[in-house]
Amino acid sequence: MYIIQKGKYFWLLMIVLILSSNYMLYQTSIGATILPPEANLVVLGSLIDLVIMGPVFFMLYRKKFSIKTAILLAAAGCILARFFIPTHLLGHFATITWAGIAAEAVLIIFELLFVIAFFRYLPRIIQKVKASTLPVIFSFPSAVDKYVKNNPIIHVICSESLALYYALCSWKKTPPDGITLHKKSNFIAFQIMMIHAIIIETFAIHWWLHSKSIVISIVLLILNIYSVIFLIACIQSIRLNPIYTDEEAIYVSFGILKRVKIDFQDIERMIEDDTALKSKISKDTIDFIAKDFEQVYPDMILKMKKPVQATIFMGIQKEYSKVAIKSDDPDKLKAVVLNKISNETKI
């Protein structure tokens, strides 16, 4: 594992070296003394660094390879080239950078089409959510995926829409019956404390900072307002979404922070051993635990037959082989899961 991490940081170091060396070459007095009178070959080398090598190193660092990502990174390299390399040195290579910028613009327009499609189908999405028996936190993303193509930008919009819904439009709803995750912890109290701290900090610092820098004070104010909305959404979404089960699956969410649908047929076994439960949670495990001021451990860990896809912050989707859960009624939850697992085994 150490070797893998070391290799990962090597690629990050290479990216930093590419950016810093090219910046120093064209934007500092040291670079001006190094550049030869005929700098075409040097400029060509910089374009290769920024448009080809930089994206390759970034994808090696992230360990994710796709044509779309490669085009985006190459276009970003072209934009950086126009910032780094003076216009009089670009010469004939200026066409390449403009082509990259055009490609970036096309991709942005293409992504905007998904956003337009989202708002176009929003009335149908809302109707489908109302007709669903699932909690909103699960039915809304499912309805979005049906009408709009699976896309990272749509995932972010979906996540932010849920945050706004729970923060502003859920106050008349009463929490449904079910097994909760937060009542035996101080999680919500801690979130309320954070909201108070942000509000006090906003009043205390904003006015002072406003006289120093209007732009920074406005940016900070917007971030603080967003933080308060997000924390309120966390509280409401956790309160209104206990664990939900049907005949086929169990739906576990920790508010808007993370959620997962687990098909009973995909559960290999339930881990209840104290040693396993109190050991450090591995990277292939997603936990649904209300963090407290003291160390807390899961009541059970569900080992999956195949990785299950979970949705975390900002709609990011990741796969996990295990699901750790700490609930307010562990015995009841274990009985439900074991009963469903045994029924699946019989079938």
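Residues numbered from 1 in each chain as written. Predicted model: local features only at pLDDT ≥ 70, side-chain atom pairs only at ≥ 80, totals over all residues. Heavy atoms only, no water.

### Focus: the overall build of the chain
Scanning the chain from terminus to terminus reveals 13 helices and 7 strands. Projecting the C-alpha coordinates of the chain onto the three principal axes gives extents of approximately 80 × 55 × 45 Å. Expressed as a percentage of the 347 residues in the chain, the buried residues total 39%. Restricting to contacts in the chain with at least 6 residues of sequence separation, those with at least 24 account for 66%. (Helix = DSSP H or I, 4+ residues; strand = E, 2+ residues; numbered from the N terminus. Buried < 20%, exposed > 50% of the residue type's maximum accessible area, 1.4 Å probe, protein only. Contact = heavy atoms within 4.5 Å.)

### Describing the packing of helix H6 (residues 94-120) against helix H9 (residues 152-168)
Interhelical geometry of H6 versus H9 gives an angle of 40° and a closest axis separation of 9 Å. Taken together, the axes of H6 and H9 lie oblique to each other. Of the two possible hands of crossing, H6 and H9 adopt the one that is right-handed. Together, Glu111, Phe114, Val115 and Phe118 of H6 and Ile153, Ile154, Ile157 and Ser161 of H9 make up the contact between the two elements. Its residues assigned to classes, the contact of H6 with H9 shows 6 nonpolar, 1 polar and 1 charged. (Axes fitted to C-alpha atoms, helices over the stretch in contact; angles between N-to-C directions. Parallel < 35°, antiparallel > 145°, perpendicular 65-115°, else oblique. Left-handed = near helix turned anticlockwise from the far one by under 90°. Nonpolar A, V, L, I, M, F, W, Y, C, P; charged D, E, K, R; others polar.)

### Side note on the side chain of histidine 155
Its location among the elements puts histidine 155 in helix H9. When residues no more than four places from it in sequence are discounted, the contact partners of histidine 155 are Asp145, Asn150, Met314, Gly315 and Gln317.

### Examining the pattern of salt bridges
Counted according to the given criterion, the structure contains 6 salt bridges. Here aspartate 263 ties to lysine 261 by a salt bridge, and the two come within 4.0 Å at their closest N and O atoms. With a shortest N-O distance of 2.8 Å, lysine 291 and aspartate 287 are connected by a salt bridge. We classify aspartate 287 as buried; its relative accessible area is 13%. Each of Lys258, Asp287 and Lys291 takes part in one network of salt bridges that share partners. (Salt bridge = Lys/Arg side-chain N within 4 Å of Asp/Glu carboxyl O.)

### As for the side chain of asparagine 241
Within the secondary structure layout, asparagine 241 lies in the loop between helix H11 (214-239) and strand E1 (244-245). Judged by its relative accessible area of 5%, asparagine 241 is buried. Within the local environment of asparagine 241, its side chain forms a polar contact with the side chain of tyrosine 166, the two groups lying 3.1 Å apart. In terms of polar contacts, asparagine 241 uses its side chain to reach the backbone carbonyl oxygen of serine 237, at 2.7 Å. The residues touching asparagine 241, leaving out its near neighbours within four places in the chain, are Pro135, Ile137, Tyr166 and Ser253. (Polar contact = N/O pair within 3.5 Å; in protein donor to acceptor, adjacent residues only side chain to side chain.)

### So, the confidence of the model for the chain
Summarising the model, the chain shows a mean pLDDT of 84, and 96% of its residues fall at 70 or more. In the predicted structure, residues 1-5 sits below a pLDDT of 50 and forms 2 contacts with residues beyond four places in sequence or in another chain. (pLDDT = per-residue confidence, 0-100.)

### As for empty space enclosed by the protein
Empty pockets left among the atoms are what a rolling probe the size of a water molecule brings to light. One pass over the full model with this rule turns up 1 cavity of 30 Å³ or more. Approximately 30 Å³ is the volume attributed to the largest cavity. Lining the largest cavity are Thr180, Leu181, His182, Ile238, Asn241, Pro242, Ser253 and Phe254. Classifying every residue of the lining of the largest cavity by side-chain character gives 4 nonpolar, 4 polar and no charged. (1 Å grid on protein atoms, 1.4 Å probe; cavity = no way out; pocket = protein on both sides within 12 Å on 5 of 7 lines; lining within 4 Å. Points joined across faces, edges and corners; volume = space filled by probe spheres on them.)

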